[in-house]
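# Residue-level structure breakdown
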Amino acid sequence: MNEELDRPIARVLPLLGMPHLDRLFDYSVPAKLADEAQPGVRVRIRFAGRLVNALLIERRSTTDHEGTLRPIERVISPLQLLTPSLWDMVNTLAERWAGTRSDILRAVLPARHASAEKAGLFNGGKPWDQLGTASLSWEELTAQTLRAATQGLSRYRFGTNFLDAVLASRRAHAHVLGIPGHDIHQLAADVASTVAIHGQGVLIVVPNAREITRITKALSTWLSAGQITELTSELGPNARYRRYLSILAGQARVVVGTRSAMLAPVANLGLIILLGESDDNLVDPRAPYLHARDVLRLQAEQAGASLMILGMHRSAEIQQWIEEGFMHAVLPEPKQMRSHRPWIRALADSDTTIERELHAPGSRLPTMGFDAIRRALDANRPVLVHVPRRGYAPSISCSNCRAPARCRKCNGPLELPGTAEDGLPQPPRCRWCGASAGVFHCAECGHRGLRLNIVGQDRTAQELGRAFPGTRIISSAGEQVLLEVANEPAIVVATPGSEPHVSGGLYGAAVIMDPWAQLGRQDLRATEKALRHWLEASALVAPHADGGTVVVVAEAWLRPVQDLIKWDAPGAARAELASRKEAGFPPAVTMAAIDGTTESIEQLLEVWEQPEGTDVLGPVELPPGIRLPAGLTPAQADQARRLIVRVPAASAMQLGHSLKVAQSIRGAQRNNGPLRIVINPVRIG
């Protein structure tokens, strides 16, 4: 008690989300709160005349403030939610991504729930190793998990070396390129279980809830439900808060979550596992727009933990980490790849158009695709048909002049939603505002006919139903995404990322339809994303020796199609990174997209001290399809502008810090116009 009285000053961070108030303020600690007001607790303070939440960061004996300090009003909870290491990480992220610390903390720390605090830790606070079942002795479980992890990684060059380093608490970082037809979720679960059983904490981050289900199912091979802690944003307040307390207390040793779990304070963290590293779902849509991949790298470096990234594809960002020497490439043994790859085919003759290769008039399926589907169905296996877009016809145009069909209300793109419940076709509607276009007539030439630019999954399923009568057609897209399908004859039509796995088996064939729709997107990462989706879909197909075939409805000479045929994800990543370096795009450089109005961008530029070597491009109109910055309504969309800033990759911290300071000055000047800063945005425009 005497020690606490000797430190009567509390330094607190108000959780206000304003850049110019993103600093610590001194408050006095009343004697009655001296014991509870410890670093890391939530408190209530009076700030600018109103009560606000704050985090107590440290206790001090003196203050630089001249005058009388206001006292802390109360301690919301005596639980110390913010650890010193988490506070250090938040500071680093705020500087690197030009963010405010309160924004990051509100995303990390769950809201207080009194009943969860009262309930205490799970199972009366039993330690993690006592939460399992008694079906196996601890010695048997240790031996079996180690055997499974070793066997799984023995298929990869240097795979077992990585496992040995992790178990010996020697920091190692590896990108593991998956083997087609092999369950990477089970491999991740085997390694995670082994590391946890040997006494270290494990954090597993995946892109979405479906992946949570798959990894949890794989972990349940070795661990009980009580030993697996799921942490997602979909959890209720009670469950999320109680699980966070369990992690904080060290009771939760294996934590599985989406991007909301990327800063979970796992005790004795020894291994971080990331699946689907280039999935857009790993990017937080709220300021400061953190990417889980980058955050987990910093987390591993700070905690001295190992980092394992698994996937069927390699992004340019991971390739740069490998070339920098931060991460090692753990590749499948060549024999494993040869024996497990399906046979991948594409249209061979560049002079033969897709239309001439079609099986029948009005069909989009070439002869080789039709034959592959028929052979797989005859072998009593399901078939995967991969289409780029959901819906019926998500992009339409005038059949006469080819002008894009636009909404008369908001100028958004029109789509055909397909047939209604009564079987009658529905009129076109806007993809942006949802308004019906009624009877279409072209604004350019007045023609009333429509042309389908892109055919969605609903229309594809309809076409396949006519081409293969009597065959079950299954759709997986949008809000109706399937986790698994039965290992029996059926045609599964799925959009990228929605491909269900085959229960207890693999697809007999896959057809990748309309690949040009993915390759032709106005997106820096269009080619990389397309190849990733194709590889992930093709990895679900049986090996060539078992008749597995993948047909790409595109010319074989296209570079990404060749990368798929050769299954050369490393070569594709090297080429992609080389082209980014040549053009000056991330990750070869660090880039910031500054979105706002002409006025708000000029206000920022006036107070911004640019790092040396800064290249400023624009401002230009905000690219189509990018969300407007907060403060602009759809009616003001024409006012939105984007400024692109790029610096050498080594100057990333300086760029983030300088923009953070400029935002703070701008806020202090009460310039509150719409402005958004995104470091290395997924979409540049």
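Everything numeric in this text was worked out from a predicted model, so none of it was measured.

## Considering the environment of Arg627
The residue Arg627 is located in the loop between β26 (615–621) and β27 (641–648) in this model. Sequence separation between Arg627 and Val43 is 584 residues, and the spatial gap between their C-alpha atoms is 35 Å. When residues no more than four places from it in sequence are discounted, the contact partners of Arg627 are Pro285, Tyr289, Leu622 and Arg676. Within the local environment of Arg627, its side chain forms a polar contact with the backbone oxygen of Pro285, the two atoms lying 3.1 Å apart.

## A look at the packing of aromatic side chains
For the structure shown, the criterion picks out four aromatic pairs. Here the aromatic rings of Phe25 and Phe47 are separated by 5.0 Å at their centres, their planes lie at 80°, and the arrangement is edge-to-face. Remark: Phe47 occurs in strand β3 (residues 42–47) and Phe25 occurs in strand β2 (residues 25–28); sequence separation between them is 22 residues. The same class applies to Phe25 as to Phe47, namely buried.

## Digging into the UniProt feature "binding site: Zn(2+) 2" (unreviewed entry) in the chain
Under the present numbering, the feature "binding site: Zn(2+) 2" (unreviewed entry) in UniProt falls on Cys407, Cys410, Cys430 and Cys433. Taken together, the annotated residues stretch across 27 residues yet fold into one region, lying no more than 8.7 Å apart by C-alpha. Within the secondary structure, Cys407 sits in the loop between β15 (395–398) and β16 (414–415). By relative accessible area, which is 8% here, Cys407 ends up buried. Aside from chain neighbours lying at most four places away, what touches Cys407 is Gly412, Leu414, Cys430 and Cys433. Turning to its location among the elements, Cys433 is positioned in the loop between β17 (429–430) and β18 (450–454).

## Details of the pairing of strand β11 (residues 306–311)
The side chains of a regular strand alternate between both faces of the sheet. Burial within β11 is extensive, with six of its six residues counted as buried. Residue alternation in β11 divides its side chains into two sets, Ser306, Met308 and Leu310 and Leu307, Ile309 and Gly311, and both sets are buried. Pairing of strand β6 (residues 173–177) with β11, which is carried by five bridges, proceeds in the parallel orientation. Paired with Val176 across the bridge in β11 is Leu310. For strand β10 (residues 269–275) and β11, the ladder comprises five bridges, and the chain directions are parallel. Looking across to β11, one finds that Leu271 is bridged to Ser306. Of the crossover connections in this fold, the one passing from β10 over helix α10 (residues 292–303) to the parallel β11 is right-handed.

## Points about the nonpolar core
One finds Val191, Ile204, Leu219, Leu271, Ile273, Met308 and Leu310 to be the most contacted residues of the largest nonpolar core, which totals 73 residues. No other element matches helix α7 (residues 184–197), which puts nine residues into this core. Taken domain by domain, the makeup of this core includes at least three residues from each of domain 2 (128–337) and domain 3 (341–580). Apart from the residues within four sequence positions on either side, Leu219 is in contact with Ala189, Ala192, Ser193, Ile204, Ile228, Val254 and Val256.

## What about the packing of α10 against helix α11 (residues 316–324)?
Relative orientation of the contacting elements α10 and α11 amounts to 30°, with a least axis distance of 11 Å. Looking at the two axes, α10 sits roughly parallel to α11. Relative to α11, α10 is oriented so that their crossing is right-handed. Residue-level contacts link Arg293, Asp294 and Arg297 of α10 to Glu317, Ile318, Trp321 and Glu324 of α11. For the contact of α10 with α11, the class distribution of residues is two nonpolar, no polar and five charged.

## Overview of the pattern of salt bridges
Opposite charge on two side chains makes pairing possible when the charged atoms of those side chains draw close. This model, assessed by the stated rule, comprises 27 salt bridges. Close ionic contact of Arg46 with Glu73 constitutes a salt bridge, the shortest N to O distance being 3.9 Å. One end of the pair, Arg46, is in strand β3; the other, Glu73, is in the loop between β4 (50–60) and β5 (74–77), and 27 residues separate them in sequence. The partly exposed category is assigned to Glu73, whose relative accessible area is 36%. One salt bridge in this structure joins Arg112 and Glu117, with 3.1 Å as the shortest N-O distance. Of the residues examined, Arg112 reaches a relative accessible area of 37% and is grouped as partly exposed. Several salt bridges converge on common partners, so that one network encompasses Glu277, Arg293, Glu317, Arg525, Glu528, Glu576 and Arg580.

## With respect to unusual backbone geometry
Residue Pro587 follows Pro586 across a cis peptide bond; omega there is 5°. By secondary structure assignment, the location of Pro587 is in the loop between α19 (569–583) and β25 (589–596). Look at the link from Gly618 to Pro619: it is a cis peptide, with omega at 10°. For Pro619, the location among the structural elements is in strand β26. You will see that Ala48, though not glycine, has its phi angle at about 55°, which is positive.

## A look at helix α2 (residues 84–96)
Along its 13 residues, α2 runs 19 Å from first to last C-alpha, staying within 8% of the 18 Å computed at 1.5 Å per residue. Phi for Ala98, located one or two positions after α2, is positive at around 55°.

## Thoughts on the environment of Arg293
With respect to the secondary-structure elements, Arg293 resides in helix α10. Of the residues examined, Arg293 reaches a relative accessible area of 6% and is grouped as buried. The spacing of Arg293 and Val283 is 10 residues in sequence and 8.6 Å in space, taken between C-alpha atoms. Setting aside residues no more than four positions away along its own chain, Arg293 makes contact with Leu274, Glu277, Ser278, Ser315, Glu317, Ile318 and Trp321. Looking at Arg293, its side chain comes within polar contact range of the side chain of Glu277, at 2.8 Å.

## Structural notes on the UniProt feature "domain: Primosomal protein N' 3' DNA-binding" (unreviewed entry) in the chain
The positions that UniProt labels "domain: Primosomal protein N' 3' DNA-binding" (unreviewed entry) are, in the present scheme, residues 18–110. Structurally, residues 18–110 is divided into 23% helix and 27% strand, and its ends, taken at the C-alpha atoms, are 20 Å apart.

## Regarding the sheet that holds strand β28 (residues 675–679)
Picture the strands of a sheet paired through backbone hydrogen bonds; they go either parallel or antiparallel. On the basis of which strands lie adjacent, the open sheet formed by four strands has the order β26-β27-β25-β28 and antiparallel pairing. Here the strands that pair on one side only, and so sit at the sheet edges, are β26 and β28. The mean angle between the axes of side-by-side strands here comes to 15°, regardless of whether they run parallel or antiparallel. With eight bridges joining them, β25 and β27 adopt antiparallel strand pairing. Note that in β27 the partner of Gly596 across the bridge is Arg641.

Reading the values: rules and limits
Residues numbered from 1 in each chain as written. Predicted model: local features only at pLDDT ≥ 70, side-chain atom pairs only at ≥ 80, totals over all residues. Heavy atoms only, no water. Helix = DSSP H or I, 4+ residues; strand = E, 2+ residues; numbered from the N terminus. Contact = heavy atoms within 4.5 Å. Polar contact = N/O pair within 3.5 Å; in protein donor to acceptor, adjacent residues only side chain to side chain. Phe/Tyr/Trp six-rings, centres within 6.5 Å; stacked < 30°, edge-to-face > 60°. Buried < 20%, exposed > 50% of the residue type's maximum accessible area, 1.4 Å probe, protein only. UniProt positions renumbered as here; feature names shortened; annotations may be inferred. Pairing = 2+ DSSP bridges. Right-handed = clockwise from strand over helix to strand, strands pointing away. Core = buried A, V, L, I, M, F, W, Y, C linked by side-chain atoms within 4.5 Å. Domains from an automatic or database assignment. Axes fitted to C-alpha atoms, helices over the stretch in contact; angles between N-to-C directions. Parallel < 35°, antiparallel > 145°, perpendicular 65-115°, else oblique. Left-handed = near helix turned anticlockwise from the far one by under 90°. Nonpolar A, V, L, I, M, F, W, Y, C, P; charged D, E, K, R; others polar. Salt bridge = Lys/Arg side-chain N within 4 Å of Asp/Glu carboxyl O. Expected span 1.5 Å × (residues − 1).

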